[in-house]
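Fold and contact review
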Amino acid sequence: MKGTVLYEVRDGVALLTVDNPPVNPLSDGVRAGLYEGLAKAEADSSVVGVVLTGNGRAFIAGADISEFGGSGEGHGLAEVFKKLEYCSKPVVAAINGLALGGGLETALCCNYRIASNQAFVGLPEVNLGLLPGAGGTQRLPRLVGPAEALKIMLSGAHVPAKKALSLGIVDSLSDNVVEDSITFIKEKAANSESHPLVRDLNDKVIEARGNENILVEAQAMTAKSRKGQFAPGQIIKCVEAAINLDDFDEGLKKETDYFIECLVHPQREAMIHIFFGERAASKVSDVPKDTPIMDIKKAGIIGSGTMGGGIAMCFANAGIPVHIIDQDADNLKRGISVIEKNYEFMVNRGRITTEQKDFVFGLVTSSLDYNDVHDCDIVIEAVYENLELKTKIFKSLDEAVKPGAILASNTSGLDIDSIANSTSRPELVVGTHFFSPANIMKLLEVVRGDQTSNEALATVMSVSKKLKKAAVVSLNAPGFIGNRMFFGYTAQANMLLLEGALPHQVDQAMESFGLNMGPFRTMDLIGLDLGWRARKLGGMASPLHAKIGDELCEQDRFGQKNQKGYYNYSEGSRAPNPAPENESIYERISSENGFTRREISDEEIVDRCMLALINEGADILSEGVAQRAADIDVVYINGYGFPIWRGGPMHHANAMGLDVVLEKLAKYKDLTGSDVFAASSLLIELAEKGGKLTDAPSKDDRRERLSFEKSSVANNF
Ligand code: 3HC
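Residues numbered from 1 in each chain as written. Predicted model: local features only at pLDDT ≥ 70, side-chain atom pairs only at ≥ 80, totals over all residues. Heavy atoms only, no water.

**Here we look at the sheet that holds strand β9 (residues 159-160)**
Quick note on the threshold: By definition, two strands form a pair when at least two bridges between them are found by DSSP. Secondary structure elements are defined from DSSP: runs of H or I of at least 4 residues count as helices, runs of E of at least 2 residues count as strands, and each element is numbered from the N terminus.
Across the sheet, four strands lie side by side as β4-β6-β8-β9; this open sheet has mixed pairing. Unpaired on one side and paired on the other, β4 (58-60) and β9 mark the two borders of the sheet. Note: strand β8 (residues 120-122) against β9, two bridges, orientation antiparallel. Bridge pairing links Val121 to Val159 in β9.

Dropping the structure here:
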């Protein structure tokens, strides 16, 4: 059994301490320990009350997520919570740290709650495709009112102790939560005959009866932020039951029914796959666990543009002092003022206080001289994509920055090994591909060069956790993981356009599938001119898939930046408007390239765009560019607007079944004759065994590097 509950009696009070490191989830051993500990306390006549707390940094981080989908053996949560709620001795939850999901639900079954000043509480089940299924949807509305409870459950936010006190979730705060709870419960046991139960507090739910607005507002809140997700609607139905049903236990029954519907829903599996995927991605299979990690006390950034400023904010937000260098005084001034404005915006939105802004902005310093980053432990170069320029900067940094410091390049596709070889410390050079805006986007691709040391890699992975990034390691190969897949995906969208589909049809099909933004809107946002200019400079002809985009550029249509691309845009707006004037261009280019335009179904659009992603992802996996299938999913969800509830392209392929994926690849290969649909050998191998992409053998020979020049995708850049 996993986890336990320590039992001791202190001064006539039973102290139950959940012990299931590192964050004390309610695994089978904890549930058994709680049940038996409570029974023991009840049976001991010398015990007057019970204090329930957690060991280490958490009170309880919720149900054990790894048990979902399993057999759920031993004492069930409902049984344990019944024992807790009806304990014959008063119980106080001494919330020493994180109390999330089933952890907060445990505390809500106690008579009293005292929290440490550092604690956080919340019901984040929605992020796992679930609802708080151990009474949370019925008890929290009784404590804080249905509207506030819905906000907490639908956002999944972690509520800091002070706010939890002001909302009435906890009764008091303490710096010495266990000792104070022992004293408190002894007094309560001596002075009170009855002790409150949250289930009996009906005023706030009765007050909300007949107020339709609460539920309507909740639906509006999730319509955009949780588009396509199943669990939010279920949570709203539970709160509706809490408001309208007189009998608390009837509400609990409804909650259980709705919870089970979430549990068996494919979105739950997809979202939990991403929860564990993000955590697994931070572990590098061939880097030993005990690899020493360097202490990053100060960071340096080269370049004060959008990327440099955003990356600097990530460090400052994590409490790490950061020094920005730019060679141009005006650029630097502008960059620093953008950072300040971003922080002011956050203050105005109530996301941070003025004091917090002063603190984090105070961690950002700047100057014009490379020598001023000499004392930094990591320096990240964030200038525009030009290998020659970057190599030159790295030479200067190598001379200016103290020995032993890590030098990183924020590149979306350049060869890290060439950059590393320009320094005397290639083992300390690594790629850090942040996504724009860097202070907001969660994804960080960490590019492992040929000579990058385990220590440098482990340190960057560790610091990225402090920056709150979902970091994924990629080998040094063109496009790394994300952009390589993205190029194949947008190329497929462009092929559909050549064959007869229109941009808005492709976008609508992909957005209905769940993407935040369809491929043509995305290309307009990025700028159609980037590839076109590069090809012109290099004297290269347009590849077939880029023929239409390049022609649009010839006609001065670059995308959102000049308000016309695949769509038209009005001044100051990002909303796409149809561009009927483009249709004659599509028709002409189609016919010039031998296509007879035809009706294309939404199903074909989704299939072909998804197959392009899946097949390229399988190649990336078999080449060892990504460590595991889930890493690819983490990249795609956190960097490319892929719906989390579909679990990423690789999970989606597994959910379809690899045999179905192969059938579809064969069908579209027949239809188009394109090699894009020639099945990856890994897909064939796994499908033959009835396997999944998650079963792909781990490649321990990953240090075999791919040649940058020889890669099949190099031509796409
Ligand atoms: N169950 C099982 N394992 C868990 C867990 C949980 N609830 N929460 C965290 N873990 C594991 C992680 O997988 C990780 O394992 P690893 O070291 O092997 O990779 C380890 O604990 C540490 O977790 P993190 O790396 O995420 O540590 P952090 O300090 O960064 O974050 C945390 C801690 C905020 C608690 C974060 O882990 C988290 O958000 N956990 C999930 C909380 C949650 O969603 N709870 C609700 C669960 S569902 C539920 O309770 C249903 C109920 O209503 C019936």
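On we go.
**Focus on a positive patch on the surface**
Defined as follows: Here the term patch refers to residues with relative accessible area over 30% and no salt bridge, with like charges joined within 9 Å and nonpolar side chains (Val, Leu, Ile, Met, Phe, Trp, Tyr) within 5 Å. Computed with a 1.4 Å probe, the accessible areas rest on the Shrake-Rupley method; for each residue, only the protein chains presented here act as cover. Every case where a carboxyl oxygen of Asp or Glu lies within 4 Å of a side-chain nitrogen of Lys or Arg is listed as a salt bridge. Under the counting rule used here, the positive set is Lys and Arg, the negative set is Asp and Glu, and His together with the chain ends is not counted. Charge positions come from single atoms, namely NZ of Lys, CZ of Arg, CG of Asp or CD of Glu.
Taken together, the side chains of Arg57, Arg279, Lys283, Lys289 and Lys465 define a basic patch exposed on the protein surface. Note on placement: Lys283 falls in the loop between α12 (266-281) and β11 (299-302).

**A closer look at the side chain of Thr522**
Cut-off, in case you're wondering: Partly exposed residues are those whose accessible area sits between 20% and 50% of the maximum for their type, while under 20% is buried and over 50% is exposed, using a 1.4 Å probe and protein chains only. Any pair of residues with heavy atoms lying within 4.5 Å of one another is described as a contacting pair.
Relative to the helices and strands, Thr522 is located in helix α21 (residues 519-526). Residue classification places Thr522 among the buried positions, given a relative accessible area of 15%. Ignoring anything within four residues of it in the chain, the contact list for Thr522 reads Phe486 and Met517.

**Digging into the nonpolar core**
What counts, and what does not: Throughout, nonpolar core names a set of buried Ala, Val, Leu, Ile, Met, Phe, Trp, Tyr and Cys residues whose side chains join them through atoms within 4.5 Å. What counts as a domain boundary in this text is fixed by an automatic or database domain assignment.
Ranked by size, the top nonpolar core spans 71 residues in total, and within it Ile481, Met510, Tyr566, Ile605 and Leu693 carry the most contacts. Broken down by element, this core gets its largest block of residues, 10 residues, from helix α25 (residues 602-622). Residues from two domains meet in this core; each of domain 2 (299-478) and domain 3 (482-624 + 627-717) gives at least three. The next biggest cluster of nonpolar side chains, apart from the first, holds 67 residues, and it includes Val18, Ile60, Val91 and Leu154.

**Some remarks on the site of the ligand**
For the record, the criterion: Note on definitions. A residue lies near a molecule or strand when any single heavy atom of the residue is within 4 Å of it. Pairing of N or O atoms within 3.5 Å defines a polar contact, subject to two protein rules: one partner must be a possible hydrogen donor and the other a possible acceptor, and residues neighboring in sequence count only if both atoms are side-chain atoms. Residues were grouped as follows: Ala, Val, Leu, Ile, Met, Phe, Trp, Tyr, Cys and Pro as nonpolar; Asp, Glu, Lys and Arg as charged; and all remaining residues, including Gly, as polar.
The ligand sits among 27 residues. The nearest are Arg57, Glu105, Glu125, Arg279 and Lys283. Contacts to the ligand include Ala63, whose backbone N or O atom sits 2.8 Å from an oxygen atom. One of the side-chain N or O atoms of Glu125 is found 2.6 Å from an oxygen atom in the ligand. Protein chains shield 80% of the accessible area of the ligand, which is 980 Å² for the free molecule. Secondary structure elements with two or more residues in the shell around the ligand: β6 (98-100), α3 (102-108) and α12. Take the shell around the ligand: its biggest share by element is three residues, from α12. When the residues that make up the shell around the ligand are grouped by side-chain class, the tally is 15 nonpolar, five polar and seven charged.

**Quick word on the packing of aromatic side chains**
As a reminder, the rule being used: Two aromatic rings from Phe, Tyr or Trp, using only the six-membered ring of Trp, form a pair when their centres are within 6.5 Å; if the ring planes differ by under 30 degrees the pair is stacked, by over 60 it is edge-to-face, and anything between is tilted. Think of it as a cone above the ring: NZ of Lys or CZ of Arg counts as a charge over the ring if it is within 6 Å of the ring centre and within 35 degrees of the ring normal.
One pass over the structure, following the stated rule, counts 13 aromatic pairs. Each ring, one from Tyr112 and one from Phe184, has its centre 5.0 Å from the other, and the planes form 80 degrees; the classification is edge-to-face. One end of the pair, Tyr112, is in strand β7 (residues 112-116); the other, Phe184, is in helix α7 (residues 177-191), and 72 residues separate them in sequence. Both rings, one in Phe486 and one in Tyr640, keep their centres 5.7 Å apart while their planes meet at 35 degrees; by these two values the pair is tilted. Highlighted residues: Phe486 in helix α19 (residues 482-499) and Tyr640 in the loop between α26 (629-639) and α27 (649-656), separated in sequence by 154 residues. As far as the burial class goes, Phe486 and Tyr640 line up, both buried. Looking at Arg279, its charged tip hangs above the ring of Phe275, at a distance of 3.8 Å from the centre. Here the basic side chain of Arg533 rests over the ring of Phe558, its NZ or CZ set 5.1 Å away from the ring centre.

**Details of the domain arrangement of the protein**
Assigned domains within the protein: domain 1 (4-264), domain 2 (299-478) and domain 3 (482-624 + 627-717). For domain 1 and domain 3, the distance between their C-alpha centres works out to 45 Å.

**Re the packing of α25 against helix α28 (residues 658-672)**
The following threshold applies: Think of each axis as a best-fit line through the C-alpha atoms, taken over the contacting stretch in the case of a helix, with angles from 0 to 180 degrees between the N-to-C directions. Convention used here: angles under 35 degrees read as roughly parallel, angles over 145 as roughly antiparallel, angles from 65 to 115 as roughly perpendicular, and any remaining angle as oblique. When the near helix sits turned anticlockwise from the far one by under a right angle, the crossing is termed left-handed; a clockwise turn instead gives a right-handed crossing.
Running from N to C, α25 and α28 cross one another at 110 degrees; their axes reach a closest spacing of 10 Å. The angle between α25 and α28 falls in the class roughly perpendicular. Here α25 runs over α28; the crossing is left-handed. Judged by residue contacts, Glu603, Glu604, Asp607, Arg608, Leu611, Ile614 and Asn615 of α25 engage Val661, Lys664, Leu665, Tyr668, Leu671 and Thr672 from α28.

**Some thoughts on the sheet that holds β7**
Spatially, β1-β2-β3-β5-β7-β10 is the arrangement adopted by the six strands of the open sheet, whose pairing is mixed. Two strands lie at the open edges of the sheet, namely β1 (4-10) and β10 (172-174), each paired on one side alone. Taking each pair of neighbouring strands and ignoring which way they run, the sheet shows an average axis angle of 25 degrees. Bridge analysis of β1 against strand β2 (residues 13-19) gives seven bridges, and the strand direction is antiparallel. The residue bridging Leu6 from the neighbouring strand is Thr17, located in β2.

**Examining α7**
The line we're drawing: Working rule for helices: expected span equals 1.5 Å times residues minus one. Taken from the helix axis, the directions to the C-beta atoms give the arc we talk about.
Between its terminal C-alpha atoms α7 stretches 21 Å, which fits the 21 Å expected from 15 residues at 1.5 Å a residue. Of all the residues in α7, the buried ones are Val177, Val178, Ser181, Ile182 and Ile185. Taken end-on, α7 shows its buried residues confined to a sector of 135 degrees, consistent with a single buried face. Pointing more than 90 degrees away from the buried face of α7 are the exposed residues Ala190 and Asn191. Contact partners of the buried residues in α7: β1, β2, β3 (49-54), β5 (91-95), β7 and β10.

**Observations regarding the environment of Ser622**
Locating Ser622 in the fold gives a position in helix α25. In the structure, Ser622 is positioned 74 residues away from Ala696 in sequence and 7.7 Å away in space, judged by C-alpha atoms. There is a polar contact of 3.1 Å between the side chain of Ser622 and the backbone oxygen of Asp619.

**Section: the side chain of Thr452**
Looking at the secondary structure, you find Thr452 in the loop between β17 (443-448) and α18 (454-466). Separated by 2.9 Å, the side chain of Thr452 and the backbone oxygen of Val429 make a polar contact. From its side chain, Thr452 meets the backbone nitrogen of Gly449 in a polar contact 2.7 Å long.

**A few points about the pairing of β11**
Side-chain direction in a regular strand flips from residue to residue, so the side chains alternate between the two faces of the sheet. Rule in force here: The handedness of a crossover follows from its direction of travel: if, with the strands pointing away from the viewer, the path from the first strand over the helix to the second runs clockwise, the crossover is right-handed.
Burial along β11 is two-sided: the face carrying Ala299 and Ile301 and the face carrying Gly300 and Ile302 are both buried. Viewed along the sheet, the connection from β11 through helix α13 (residues 306-317) into strand β12 (residues 322-325) turns out right-handed. Bridge analysis of β11 against strand β14 (residues 378-381) gives four bridges, and the strand direction is parallel. Pairing of Ala299 across the sheet is with Ile378, part of β14.

**With respect to the pattern of salt bridges**
A complete count under the given rule lists 41 salt bridges for this structure. The salt bridge involving Glu385 is made with Lys390; its shortest N-O contact spans 3.3 Å. Lys390 gets classed as buried once you look at its relative accessible area, which sits at 0%. With its nearest N and O atoms 2.8 Å apart, the salt bridge here joins Arg425 to Asp398. In this pair, Arg425 is assigned in the loop between α17 (416-421) and β16 (429-434) and Asp398 in helix α16 (residues 387-400), connecting sequence segments 27 residues apart. In this structure Arg425 comes out as buried when scored by relative accessible area, which is 6%. Residue classification places Asp398 among the buried residues on the basis of a relative accessible area of 14%. A single salt-bridge network, built from bridges that share partners, covers Glu85, Arg139, Arg199 and Asp249.

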